[in-house]
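Read off the chains here:
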Amino acid sequence: MNAVILLFPGTNRERDMAIALHKATGRKPAILFHQETSLPAGTDLVVLPGGFSHGDYLRCGAMAARSPIMPAVRDFALKGGHVLGVCNGFQILTEAGLLPGALLRNASLRFLSMDCHLRVETTRSPFTARWQKGETFRAPMAHGDGNYFCDDETLARLQAEDRVAFRYATARGEATAEANRNGARDNIAGILSENRRILGMMPHPEDLVDPLMGGTDGLPLFESIAEALATA
Amino acid sequence: MEHPLDKRRAGDDKAPMSSPAPSPAGRPAPELLAPERARQLAAEFGLKPEEHERALAILGRQPSLTELGIFSVMWSEHCSYKSSRVWLRQLPTKAPWVIHGPGENAGVIDIGEGLAAIFKMESHNHPSFIEPYQGAATGVGGILRDVFTMGARPIANLNALRFGDPSLPKTRQVLDGVVRGIGGYGNCVGVPTVGGEVNFHPAYNGNPLVNAMTVGIAPRDRIFLSAAAGIGNPVVYVGSKTGRDGIHGATMSSAEFSADSEEKRPTVQVGDPYAEKLLIEACMELMATDVIVAIQDMGAAGLTSSSVEMAGKGGVGIELVLDDVPQRETGMSAYEMMLSESQERMLMILKPGQEHVAEAIFRKWELDFAVIGHLTDTGRIVIRHKGALEADIPLAPLESEAPLYHRPTAETPKQPVLDAAGVADPAGIAPALLTLIGSPDLCSRRWIWDQYDSTVGGQTVKRPGAADAAIVRLEDSARALAMTTDCTPRYCAADPEEGGRQAVAEAWRNITATGALPLAITDNMNFGNPEKPEIMGQFAAAVRGMASACTALDFPVVSGNVSLYNETEGRGILPTPAIGAVGVIEDAAKAVGYALRPGQEIVLVGETKGWLGQSLWLREIAGREEGAPPPVDLAAERRHGDFVRAQILAGTVAGCHDLADGGLLVALAEMAMEGETGATLEPAPGETLTGGIPPHAFWYGEDQGRYLLATTDAAALLAAAQAAGVPARRIGRAGGGDLVVPGADAISVARLREAHERFLPGLMAR
């Protein structure tokens, strides 16, 4: 698998992401600066990591979505390329129109940094195949604007097309209001594109891939995509 | 006529001098202030009359406005340490692993594998009271720059915070703003905030303390220093543009507060963490090349202190043309530019002809880059703006003639040792625990750390609340750093020497309790008005106590910061020498937290005598703040700590917690809550746990040098302790859902947790 991590000014979780991808694939991913206008030949996964691109000084992700590299990412996605956006990366993907909906300010109006539990809502994706449907896993979250919102029609489509990847839940897998710390619509933590090859999610599976750091709950995501792209 | 001060400077100076400095009378002079106007402005800028006279003597004439501004900030308490220097010299600063001690932007220690840890703690107290969010945010930004300017990538932020009475609305406002500010800045720059401490006390009502610490990592042979060198080399400005914010911030930080403090808001700087993040990446990229001669951040007193200190340390002169300084406001004067404390700026000396290398990197990161001057052989700082000379000051006397005060000191009267037998227990053991564990100084800090990104970087082994010190692994290594901040201000107020000793010892203990080897500290000395003998006496005594502990524990001071005049309306804060400590553990997998797990046995290390003086039990339960604080026996401290660390590394200890605020039962409750288990405390057959000590003194006394260990093999641990001559006893076993204490009602851990977690969210939801 040839993964490329995009680096926007203000991106700050690119090293975490590189560690996770390295762990799952045995290969160090390339890191590409936002001023580039094309992806390296042979790229089969583009990753938009977390951070505060352009300081989040406009809407989170709005400026990065208009970076010089983004037309190439859009072309790549339209041709069926795989894209993963985590946290600020998810925000950028919604601003770029590659995923529906928007990430609003957390309902508490405070930055939230803590472990949350995610319930796997579908295994029909190259990012979630290694899990069982309904299984829960832990992931750190660290965001001020992770409150997923979409209109009724979009929500109905996401549900009808089985495109909700993860929901915030209790450790036992109940998608309760208490487990939904940022106030996301319908407890949504991550969604898939129509072709199921683009995943956007708020929490950070890349920060839980080592027992020393508290567990390997996030590893199946990277192993899933590595397996999907190794056999592709 | 040559001025005598110039002669002395020329004689002492090691700088290459092409010709002696011409006499002041023979030099072109800037536009000078009239004597009366100069005196008046000097007073406004905080220069004492005798300091003003000294400045005139150095210049050999009246000053210009810009020159007066430069003297006043360089000789402010904040920049010159004029009241504290004589005492700080007593602190031990050397050890075989110390690479750079105090005097650089931050301290540097060898941590093995060819790497160095670079760290420092610094206060932003005054700005944080005036404008809590920006004050705290720029505190974080400033300390980050002190660390990455030396070539280190920051890997961890910590802080030490003190707030006033939590029942006051103002305290909630300040707490909320400070926490948001620390998070807003640290989260954005992508440096995990992994640890800290918080106290509440009415003495901080009008003067909260915000001490921020950054720890970074650099290759040992790639440390960047600030001494300028190379006559003719370009002086380069990078980072954000200069505005009018923060002018005279350093002077403000050197004065007491009064009712009109709110009017000083314009002297508070505004932070831009995004610019800082870009600055970090650009500096890291530039530092991987070979073009930097010297580099320093523009912190307090901005362009003035960075240019004066860099040239001064290098023994060279410096000439700046301010027209070339990137500016974000129009019509700024030389005075304003030299005094601005706009954030996220750095000053560098580059190798000649290499400007294009640096410029390309800074342009890539969308930052300003400008050559604003060059080094000279004159030993003077010369400032030009719009074709006019604005300042021309000899550098050596600006430093060597800086005021140094041996201020009078008065000893803090010793308090009598409180006899525990004479203090009745008004509450009972179980109710006291529920009260203590939910009290402002002992309640859970989760509400705070949940707002700080503690995992970014992917190397955080022990997050806040998991261990006595935060543990962050070094990327691509098994090695990790252990980091903590500590001070017990109520001890320091009662006995500054004992309190200073205890602060260092507790930091050492907290590092030790994870299994890491404590290596060095940074100190952040927060005190009141040094012109009062009792305050200066507190300072001197605290330094004495700290020095004794640093020496006994091989724990040198490698960097630090002094914040004086922490008073409002004539009332001082509790003396607060906050200690930031760093240790190393070779195998991060061996580090332990303090969670107690069911089935584990509990072993108490150290001697318990039931010291109630200045304890939290005495304050929160008996309503008394009195008595001598618990003494630290440094030899025992060392023996106990070395034993505990060795046992952790040998794998016989699964969890460890030092006994501090609240004593034994509070520590046990914290371990039980973290590990989600109860515990039954039981004496050995034929003994009692408390011996002859009153139960409340046994369970809540704050005797020093103690640890609680969780182990699966207490017998082996006790045998090892006996062999090492370390007092240790098994006091119980973990399991069930209650804490069962002999002679007291069982206390449900679920109820303890509820009380522990309730306070801060409840306070801040109001």
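Under an unreviewed UniProt entry, the name given to chain A is Phosphoribosylformylglycinamidine synthase subunit PurQ, and the organism recorded is Teichococcus aestuarii. For chain A, the Pathway (unreviewed entry) comment in UniProt is given as "Purine metabolism; IMP biosynthesis via de novo pathway; 5-amino-1-(5-phospho-D-ribosyl)imidazole from N(2)-formyl-N(1)-(5-phospho-D-ribosyl)glycinamide: step 1/2."

Caption draft 1: The overall build of chain A, seen in detail. Helix and strand counts for chain A come out as five helices and eleven strands. Over its C-alpha trace chain A gives a radius of gyration of 16 Å, about what one expects of a compact globule, namely 17 Å for 232 residues. Taking all 232 residues of chain A together, 62% fall into the buried category. In chain A, the proportion of contacts linking residues at least 24 apart, taken out of those at least 6 apart, comes to 76%. In chain A, 24 positive and 26 negative side-chain charges are present, and the distance between their average locations comes to 1 Å.

Caption draft 2: View of helix 16 (residues 429–437) of chain B. The element helix 16 of chain B is largely enclosed, with a buried count of seven among its nine residues. If you check which residues of helix 16 of chain B are buried, you get Ile429, Ala430, Ala432, Leu433, Leu434, Leu436 and Ile437 of chain B.

Caption draft 3: Fine view of the sheet that holds strand 23 (residues 655–658) of chain B. Residue and element names in this part refer to chain B. An order of 23-25-22-26-24-27-28 is seen for the seven strands of this open sheet, with the pairing classed as mixed. Across the chains shown, the open sheet's two edge strands, defined by having one partner strand only, are strand 23 and strand 28 (747–748). Of the pairings in the sheet, the one linking strand 27 (residues 738–740) to strand 28 comprises two bridges and is antiparallel in character. The partner of Asp738 across the bridge, within strand 28, is Ser748.

Caption draft 4: How the structure looks around the UniProt feature "active site" (unreviewed entry) in chain A. All names here are of chain A. UniProt's entry tags Cys87, His204 and Glu206 with the feature "active site" (unreviewed entry), counted in the numbering of this structure. With the annotated positions falling across 120 residues, the maximum pairwise C-alpha distance of 11.0 Å places them together in a single cluster. Within the fold, Cys87 resides in the loop between strand 4 (82–86) and helix 3 (88–95). For Cys87, a relative accessible area of 6% puts it in the buried group.

Caption draft 5: Looking closely at the packing of helix 16 of chain B against helix 23 (residues 663–675) of chain B. All names here are of chain B. Relative orientation of the contacting elements helix 16 and helix 23 amounts to 65°, with a least axis distance of 10 Å. With respect to their mutual orientation, helix 16 and helix 23 come out roughly perpendicular. Here the hand of the crossing between helix 16 and helix 23 comes out right-handed. For the pair helix 16 and helix 23, the contacting residues are Ile429, Leu433, Leu436 and Ile437 in the first and Leu665, Val666, Ala669, Glu670 and Met673 in the second.

Caption draft 6: Representation of the interface of chain B and chain A. Every contact between the two is made by 34 residues of chain B and, on the other side, 31 residues of chain A. Summing the contributions of chain B and of chain A, the shared interface buries around 2,700 Å²; its carbon and sulfur component is 49%. When the buried area of chain B at its contact with chain A is split by residue, Tyr274, Asp450 and Arg463 of chain B rank highest and sum to 21% of it. At the boundary of chain B with chain A, the tally comes to five salt bridges.

Caption draft 7: Representation of the sheet that holds strand 16 (residues 480–486) of chain B within the structure. Residue and element names in this part refer to chain B. If you walk across this open sheet you meet the six strands as 14-15-16-21-17-18, and the pairing is mixed. At either end of the open sheet lies a strand with only one pairing partner, and these are strand 14 (460–462) and strand 18 (557–563). In this sheet, adjacent strand axes meet at a mean angle of 20° when their direction is disregarded.

Caption draft 8: View of the pattern of salt bridges. Taken as a whole and judged by the stated rule, the model has 67 salt bridges over all chains. Its salt-bridge partner being Asp16 of chain A, residue Arg13 of chain A comes within 3.8 Å of it at the nearest N-O pair. Judged by relative accessible area, which is 2%, Arg13 of chain A ranks as buried. Residue Asp16 of chain A is classed as buried on the basis of its relative accessible area of 1%. Residue Asp441 of chain B is joined to Arg619 of chain B by a salt bridge in which the shortest nitrogen-to-oxygen separation is 2.8 Å. With Asp441 of chain B in the loop between helix 16 and helix 17 (446–449) and Arg619 of chain B in helix 21 (residues 616–620), this pair connects stretches of sequence that are 178 residues apart. Summarising the burial analysis for this pair, Asp441 of chain B and Arg619 of chain B share the class buried.

Analysis parameters
Residues numbered from 1 in each chain as written. Chains lettered and ligands numbered in written order. Predicted model: local features only at pLDDT ≥ 70, side-chain atom pairs only at ≥ 80, totals over all residues. Heavy atoms only, no water. UniProt positions renumbered as here; feature names shortened; annotations may be inferred. Helix = DSSP H or I, 4+ residues; strand = E, 2+ residues; numbered from the N terminus. Rg over C-alpha atoms; globule rule 2.2 N^0.38 Å. Buried < 20%, exposed > 50% of the residue type's maximum accessible area, 1.4 Å probe, protein only. Contact = heavy atoms within 4.5 Å. Lys, Arg positive; Asp, Glu negative; His and termini not counted. Charge placed at Lys NZ, Arg CZ, Asp CG, Glu CD. Pairing = 2+ DSSP bridges. Axes fitted to C-alpha atoms, helices over the stretch in contact; angles between N-to-C directions. Parallel < 35°, antiparallel > 145°, perpendicular 65-115°, else oblique. Left-handed = near helix turned anticlockwise from the far one by under 90°. Buried area = accessible area lost by both parts, 1.4 Å probe. Salt bridge = Lys/Arg side-chain N within 4 Å of Asp/Glu carboxyl O.

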